[in-house]
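# Per-entry structural report
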Amino acid sequence: MSLTIRPLTDDEIPTGYQLGRLAFGGPPEPPAQFVQPVPGVTRLGAFDTRGRLVGKATDVGHEQWWGGRRVVAADVAGVAVAPEARGGGTARALLARLLADARDRAAAVSALHPTVSAAYRSLGWEVAGVMLAGSLDSASLPSAPVPGIALRPGGPDDVPLLTDLYEQVARGTNGLVTRRGGMFDVPSDAPLGEDIDSITVAESDGIPVGVLGFGRGRGYGPEAKLEVHHLHATTVEAARALVGVLAGWRTVTRSVQLSFPVAHAVAAVLPLERATDVTSQPWMHRPVDVVRAVADRGWPSYVSGRVRFHLVDDLAPWNAADWDLSIADGRGELTRVAAAAELWLSVRGFAALYCGVATGAGLVQAGLAGGSDDPAALDLLGCGPAAALLDYF
Ligand SMILES: CC(C)(COP(=O)(O)OP(=O)(O)OC[C@H]1O[C@@H](n2cnc3c(N)ncnc32)[C@H](O)[C@@H]1OP(=O)(O)O)[C@@H](O)C(=O)NCCC(=O)NCCS
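Criteria and cut-off values
- Residues numbered from 1 in each chain as written.
- Predicted model: local features only at pLDDT ≥ 70, side-chain atom pairs only at ≥ 80, totals over all residues.
- Pairing = 2+ DSSP bridges.
- Helix = DSSP H or I, 4+ residues; strand = E, 2+ residues; numbered from the N terminus.
- Axes fitted to C-alpha atoms, helices over the stretch in contact; angles between N-to-C directions.
- Domains from an automatic or database assignment.
- Contact = placed C-beta atoms within 7 Å.
- Nonpolar A, V, L, I, M, F, W, Y, C, P; charged D, E, K, R; others polar.

### Some remarks on the sheet that holds strand β4 (residues 63-66)
Strand pairing in a sheet is mediated by backbone hydrogen bonds. Such pairs are either parallel or antiparallel. Spatially, three strands are ordered β5-β4-β10 in an open sheet, and the strand pairing comes out antiparallel. Across the chains shown, the open sheet's two edge strands, defined by having one partner strand only, are β5 (69-72) and β10 (174-177). Each adjacent strand pair in this sheet contributes to an overall mean axis angle of 35°, direction not counted.

### Describing the domain arrangement of the protein chain
As assigned here, the protein chain comprises domain 1 (4-112), domain 2 (133-281) and domain 3 (290-382). Averaged C-alpha coordinates put domain 1 and domain 2 at centres separated by 31 Å. Between domain 1 and domain 2, the contact holds 15 residues from the first and 13 residues from the second. The element that contributes the greatest number of residues to the side of domain 1 that touches domain 2 is β4, accounting for four residues. Class assignment of the residues belonging to the side of domain 1 that touches domain 2 gives a composition of five nonpolar, seven polar and three charged.

### Digging into unusual backbone geometry
In this structure, D195 is a non-glycine residue whose phi angle is positive, near 70°. Among the secondary structure elements, D195 is positioned in the loop between β10 and β11 (198-204). At D205, a position not held by glycine, the phi torsion is positive, near 50°. Relative to the assigned elements, D205 resides in the loop between β11 and β12 (207-215).

### Describing the sheet that holds strand β16 (residues 305-312)
Pairing is mixed in the open sheet, where five strands are placed in the order β18-β17-β16-β19-β20. Two strands close off the open sheet at either side, each with one partner strand: β18 (331-336) and β20 (369-371). Between one strand axis and the next, the sheet turns through 30° on average, direction left out of account. One ladder, built from three bridges, connects strand β19 (residues 343-346) with β20; its direction is antiparallel. Bridge pairing in β20 places L343 opposite G371. Where helix α7 (residues 347-354) meets the sheet, it contacts β16, β19 and β20, and its direction lies at approximately 85° from that of β19.

### A word on the pairing of β11
Here five bridges tie strand β9 (residues 150-154) to β11, and the two strands are oriented antiparallel to one another. Along β11, the bridge assignment pairs G154 with I199. Examined bridge by bridge, β11 and β12 share seven bridges and lie antiparallel to one another. Within β12, the residue paired with V201 across the bridge is V211.

Laid out in structure tokens, this is it:
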């Protein structure tokens, strides 16, 4: 099918919303931010020869934290193709254009949540993790006074703390989004932020070291549930104190719904083995531009090494080449080389290594790497902690 791919004009955004609504079953009356231009958000449309919108994809404009550095990303959402046009290469054309445009604006990496991993695998993304959420019995949460932590109710002036404390946790991880820019910057009419009824701030010597923000939900019977949208702590004491606040709800909200935290103080406190109604949401990753993906992030300072490989990437041809990867002193560099490398790596294999969730040997078994050299040499690209994601987009 002959397609024209271009950004939607402001007037076309509502038509794009309706295409997405048909695919995902959204509300007929869209939330304002979904039908308005939002700085940093790029909505691409695919038009057929009669000018009809037959597909759309959104680059949401978040950034990602990698090794203490902010990396420009092209995180993807809302990919939808009209039912009659499916299977004809529309999504492929849209995402090829999205990647090319993202590269032009200096993006390095991309993440998305798939409804169908096979389609995105064929376009070079690979599953790199699963976001978990579930319910905890409020009565199972630890609650004891925590010396040195003062708790106070938060108000509208404390809303920025939700992002500031998240950031203090997220910047030490790999993969978490920055929660600034794009949809994150759309102001909310709700005084404490969207879906938040209560904020509690934990302070140590007057300095905020943790914050909790939740929606109260309805009722006080067995079904009543608190929905926790923010639970960030930079010390285990703050985490204990805030989880203790949740425990204090045991008489009127028997359960607490929350995303499972990753590798930080809150994770060290919650009894996750008691979680029920657990849901999982896989996420996939891909380099937009491999040179930037390596150069723009931080690497573990204790690692140094060098490996050559040939990278296969059909959708982003600027990545397909023979490369020399070197890592030293917390920095990485990818240099194009003329001589043919003995190892090859698919872009999906690159993504899995980059996210710290694969080894070279495992990728050979998966058919995502190969060659005559020892594939363990590729583990250099996989050094560092496994990446994670806490946001759905
Ligand atoms: C998923 C969807 C976006 C795919 O769009 P499309 O235009 O049909 O996809 P394309 O024809 O460009 O196919 C791209 C690749 O994905 C593969 N693919 C597409 N749909 C697939 C499916 N349902 N299952 C497995 N593979 C699929 C194609 O085979 C193709 O791979 P290939 O080139 O290696 O053969 C479309 O079916 C859709 O809108 N579905 C409903 C909404 C949805 O699920 N959106 C995705 C949100 S993450």
